[in-house]
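Reading the structure
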Amino acid sequence: MSAQPKTFPQTSPAIEIRGLCTQFGEVVIHRNINLDIEAGQMLGLVGGSGSGKTTLLREIVGLLAPSQGTVKLFGQPVLDPDPQRRRALRRRFGMLFQQGALFSALSVHDNIAFPLRELRTLDESMITDLVLLKLGMVELEARHARLMPAELSGGMIKRVALARALSLEPELLVLDEPTAGLDPDRSENFVKLLKMLQKELGFTVVMVTHDPETLAGLATRLAVLADQRLVACGTAAEVFAVDHPFIRNFFSSRRAAAAIRQGAS
Amino acid sequence: MTVATIEIVERAGTQQVQLAGDWTLATMPPPVSRLELRLRDLVAGNPGWDLRSISRLDSAAAIVLWRAWGRQWPAALAVSPQHRLLFERVETIAADGAPAPARESLAWILALGRLTLSGASHLLAMIGLLGQLILDVGYLCAQPRDIPWREFSANLYKSGAQALPVTALIGFLIGIVLSYLSALQLKTFGADVFIVNLLGISIVRELGPVLVAVLVAGRSGSAMTAQIGVMRVTEEIDALATMGVSRSQRLVLPKVLALAVAMPLLVIWCSAAGIIGGMVSANLQMNLSYGFFIDTLPRVVPVANVWIGVGKGLVFGVLIALIACHFGLRVKPNTESLSSLTTTSVVTSITVAIIVDAVFAILTRNLGIP
Ligand SMILES: Nc1ncnc2c1ncn2[C@@H]1O[C@H](COP(=O)(O)OP(=O)(O)OP(=O)(O)O)[C@@H](O)[C@H]1O
Ligand SMILES: [Mg+2]
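Residues numbered from 1 in each chain as written. Chains lettered and ligands numbered in written order. Predicted model: local features only at pLDDT ≥ 70, side-chain atom pairs only at ≥ 80, totals over all residues. Heavy atoms only, no water.

Topic: the overall build of chain B
A count of helices and strands for chain B gives 12 helices and 4 strands. When its C-alpha atoms are laid out on the principal axes, chain B stretches across 115 × 60 × 45 Å. Scored against the burial criterion, the 370 residues of chain B give a buried share of 45%. The long-range share in chain B, meaning contacts at least 24 apart out of those at least 6 apart in sequence, stands at 78%. Only carbon and sulfur atoms are counted for the fraction: they give 67% of the accessible area of chain B, which is about 19,000 Å². Each charge sign in chain B was given a centre, from 27 positive and 22 negative side chains, and these centres are 6 Å apart. (Helix = DSSP H or I, 4+ residues; strand = E, 2+ residues; numbered from the N terminus. Buried < 20%, exposed > 50% of the residue type's maximum accessible area, 1.4 Å probe, protein only. Contact = heavy atoms within 4.5 Å. Areas by Shrake-Rupley, 256 points an atom, 1.4 Å probe, with all protein chains shown as cover. Lys, Arg positive; Asp, Glu negative; His and termini not counted. Charge placed at Lys NZ, Arg CZ, Asp CG, Glu CD.)

Comments concerning empty space enclosed by the protein
Space left empty within the atom packing is revealed by a probe, the size of a water molecule, rolled over the atoms. Residue and element names in this part refer to chain A. Using the criterion set out here, one finds 3 cavities of 30 Å³ or more in the structure. By volume, the largest cavity amounts to about 60 Å³. Together, Met 137, Val 138, Glu 139, Arg 159, Leu 182, Arg 186, Asn 189, Phe 190 and Leu 193 line the largest cavity. Looking at which element gives the most residues to the lining of the largest cavity, the answer is helix H6 (residues 184–201), with 4 residues. Looking at the lining of the largest cavity residue by residue, the class counts come to 5 nonpolar, 1 polar and 3 charged. (1 Å grid on protein atoms, 1.4 Å probe; cavity = no way out; pocket = protein on both sides within 12 Å on 5 of 7 lines; lining within 4 Å. Points joined across faces, edges and corners; volume = space filled by probe spheres on them. Nonpolar A, V, L, I, M, F, W, Y, C, P; charged D, E, K, R; others polar.)

Digging into the packing of helix H4 (residues 107–142) of chain B against helix H11 (residues 304–330) of chain B
Residues and elements named next belong to chain B. For the pair H4 and H11, interaxial distance at closest approach is 10 Å and the crossing angle is 115°. Viewed along their axes, H4 and H11 adopt a mutual orientation that is roughly perpendicular. Crossing hand, H4 versus H11: right-handed. Listed contacts from H11 to Ser 121, His 122, Ala 125, Met 126, Leu 129, Leu 130 and Leu 133 of H4 are Leu 322, Ile 323, Cys 325, His 326, Phe 327, Leu 329 and Arg 330. Classifying every residue of the contact of H4 with H11 gives 10 nonpolar, 3 polar and 1 charged. (Axes fitted to C-alpha atoms, helices over the stretch in contact; angles between N-to-C directions. Parallel < 35°, antiparallel > 145°, perpendicular 65-115°, else oblique. Left-handed = near helix turned anticlockwise from the far one by under 90°.)

A word on the coordination of the magnesium ion (ligand 2)
In an ideal octahedron of six donors the angles at the metal are 90 or 180 degrees, and in an ideal tetrahedron of four donors they are 109.5 degrees. Here the magnesium ion (ligand 2) is held by the protein donor atoms A:Thr54 (OG1) and A:Gln98 (OE1), which lie 1.9 to 2.5 Å from it. Taken together, the residues span a long stretch of sequence, with A:Thr54 in helix H1 (residues 53–60) and A:Gln98 in the loop between strand E6 (93–96) and helix H3 (108–119) at a distance of 44 residues. (Donors = N, O, S within 2.8 Å, 3.2 Å for Na, K, Ca; no water.)

Overview of the layout of surface pockets
Residue and element names in this part refer to chain A. Taken as a whole, the largest pocket encloses approximately 620 Å³ of empty space. If you trace the largest pocket, you find 18 residues lining it, with Arg 90, Phe 93, Met 95, Pro 115 and Leu 168 closest to the centre. Contributing elements (two or more residues each) for the lining of the largest pocket: helix H2 (83–90), E6, H3 and helix H5 (154–166).

Quick look at the site of ligand 1
Residue and element names in this part refer to chain A. Taken together, 13 residues lie around ligand 1, and Ser 49, Gly 50, Lys 53, Thr 54 and Thr 55 are the ones closest in. Between an oxygen atom of ligand 1 and a side-chain N or O atom of His 210, the distance comes to 3.4 Å. With the chains in place, 57% of the 640 Å² that ligand 1 exposes on its own is no longer accessible. Considered class by class, the residues forming the shell around ligand 1 number 2 nonpolar, 9 polar and 2 charged. (Near = heavy atom within 4 Å. Polar contact = N/O pair within 3.5 Å; in protein donor to acceptor, adjacent residues only side chain to side chain.)

Overview of the environment of B:Ala20
Residues and elements named next belong to chain B. Within the secondary structure, Ala 20 is located in strand E2 (residues 14–23). According to the relative accessible area criterion, Ala 20 is buried, its value standing at 18%. For the pair formed by Ala 20 and Val 3, sequence separation is 17 residues and the distance between their alpha carbons is 8.4 Å. Residues contacting Ala 20, with those up to four places away along its chain left out, are Val 3, Ala 4, Thr 5, Ser 53 and Ile 54.

Examining helix H7 (residues 195–233) of chain B
Residue B:Ile203 marks the point of greatest curvature in H7(B), where the axis turns by about 50°. Positive backbone phi, approximately 65°, marks B:Glu235, located one or two places after H7(B). (Bend = angle between axes of the 7 residues up to and from the residue.)

Considerations on the environment of A:Gln98
Residues and elements named next belong to chain A. Gln 98 gets classed as partly exposed once you look at its relative accessible area, which sits at 31%. In this structure the C-alpha to C-alpha distance between Gln 98 and Thr 54, which are 44 residues apart in sequence, comes to 8.1 Å. With sequence-adjacent residues up to four places away left out, Gln 98 is seen in contact with Thr 54, Lys 158, Asp 176 and Glu 177. Here the side chain of Gln 98 touches Thr 54 through a polar contact of 3.2 Å, side chain to side chain. Side-chain polar atoms of Gln 98 contact the side chain of Glu 177, separated by 3.5 Å.

Examining the domain arrangement of chain A
By convention, interface size is frequently given as the accessible area that disappears when the constituent parts associate. All names here are of chain A. Annotation of chain A at the domain level lists domain 1 (39–66 + 80–92 + 172–265) and domain 2 (98–169). Counting residues at the interface gives 18 residues for domain 1 and 14 residues for domain 2. Surface buried jointly by domain 1 and domain 2 totals about 1,300 Å² across both partners, of which 62% is contributed by carbon and sulfur atoms. Taken as a group, Arg 91, Arg 186 and Leu 193 account for 32% of the area that domain 1 buries against domain 2, more than any other trio of residues on that side. Here domain 1 is connected to domain 2 by 0 salt bridges. In this structure, the connection of domain 1 to domain 2 is made through 5 residue pairs in polar contact (both at pLDDT 80 or more). Within the residue set of the side of domain 1 that touches domain 2, elements represented by two or more residues are strand E7 (172–176) and H6. Counted by class, the side of domain 1 that touches domain 2 contains 11 nonpolar, 3 polar and 4 charged residues. (Domains from an automatic or database assignment. Buried area = accessible area lost by both parts, 1.4 Å probe. Salt bridge = Lys/Arg side-chain N within 4 Å of Asp/Glu carboxyl O.)

Section: the side chain of B:Ser179
Positionally, B:Ser179 belongs in helix H6 (residues 164–189). Sequence-distant contacts of B:Ser179, defined by excluding residues within four places in its chain, comprise B:Ile195, B:Leu199, B:Gly278, B:Ser281, B:Ala282 and B:Gln285.

What follows is the structure, given as structure tokens:
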């Protein structure tokens, strides 16, 4: 036996989206989106502002019911009618919200401990150890644990939110603009950290980001959302080959293209 | 997903603990503390540890093992390099965790002192707010262009016009109940006609203002605290400040003025509904004619009572708005503080209104009694 199998032994893809359409009143956001993400992949979702990336993530994690189509995680529908199964499924992924969404009435420590306490199988000293470990993972110090969310800087909020998303050792991590608001150094460390954790724990990542360095450093596959559709999906080279105005624009800046080519190679 | 397993083998005279399967938060058998104890029992025999058959190890499981080992590396450990990294990270966390805040003895004396100090600071801040409002009124008299008419009328509509149905309903019902209960008593003395005096004085002078104060404190006071509080949470007040907009002029003053105007009117409205309720009930129960009731009312209830009621309404209105805004501005940017201060705001305004009502009763004891 070896210590190598680093992905979850899953037969079905981690995420399976079929014929998804979204509509807010008259406004159509998504039209017939199909997407498969294999376990262990890191997918970078790009698209213009307001193209419905956050909305798609919310549908993936089951916060929003699509107008049409289905979303399955690990082969099970996210919006399972059985509350027991739905709850079990929700323990298997972690989400990092665009604005952090920390519980403002709880300290940093309690924010990270919250999902662990919900499990009801861990004792307090174990939880404290886990919280401190997660804080260390996102480069925060033990003394930050007592701060309240209102006392954190924007970047610290992101890191605490990531620590909270990681606290249940998720198999799937959904990140909405994880590096927006971080300085380049931190953002680079964040990429390294996530890459290392992914290698150790083998989770699947879906992330929305506008930052070419993050995309290049992390994403093994890209998906491009434009004109309400998924105009391209695949490896960086495959996406570059698609002729679409948004793709041309987005990757036209030399920095972006260079960074992603370098990442892809 | 496979479960976490522990196997003990004897090899060359030494004990070997072989761990296999998935060691993760989801696969460790709950409760985790029992697993930790079991591992700790094994540590006592000082065995060698073989972790190479573990297929997945997450940080929660690594912490369980690390704690079982007594937060140190075991003498003999075989582990894959990747998992070793995980343990190295676990090694860096502080053994004692975050320091708990020390518990004070004589905590209740401290709590009492804090309560007194915070009460005093609230009082001071409220006086400061009132002073600021007076300055604002002076400024606006000099610069009538800056008067926030839109906010004023919006507040007047929300806390005045929209409160009309509920105040009328409550006033009417209280009038009916009061009249019914009094009639039962008065009948036994054959003093039926005094129902007019009783209802008139009690509703116009006392019940109307106090009922409206309680209703408005619950309706508008809480809404004002919550609105200003959420604006604090979302930094909207800071955004206003950077645009050079005075929060006391734009947020506090319109609310105070709106309630100062709306409350006396609501008091008259509610008292009228109460009197009508009483009149209807008296008519049904004692056959007191409407004409007699309306005719007698002005004779037995001196008009001073109406002025006392309206004056109380004005004072209550200003106090409720002031208290609501004060607590709203004190909200800290978190949901807990928002909810507790909204509660405090409503409780404080109702209490203050009733205290002030008592003061009014003493000061006006010689007025308006026929
Ligand atoms: N609850 C809602 N009701 C109506 N429209 C909505 C709602 N939520 C989002 N939208 C609309 O859907 C569109 C997509 O929003 P979304 O937040 O998904 O954008 P995004 O791709 O994440 O943009 P950004 O990069 O700026 O975060 C926007 O035009 C927005 O106005
Ligand atoms: Mg978004």
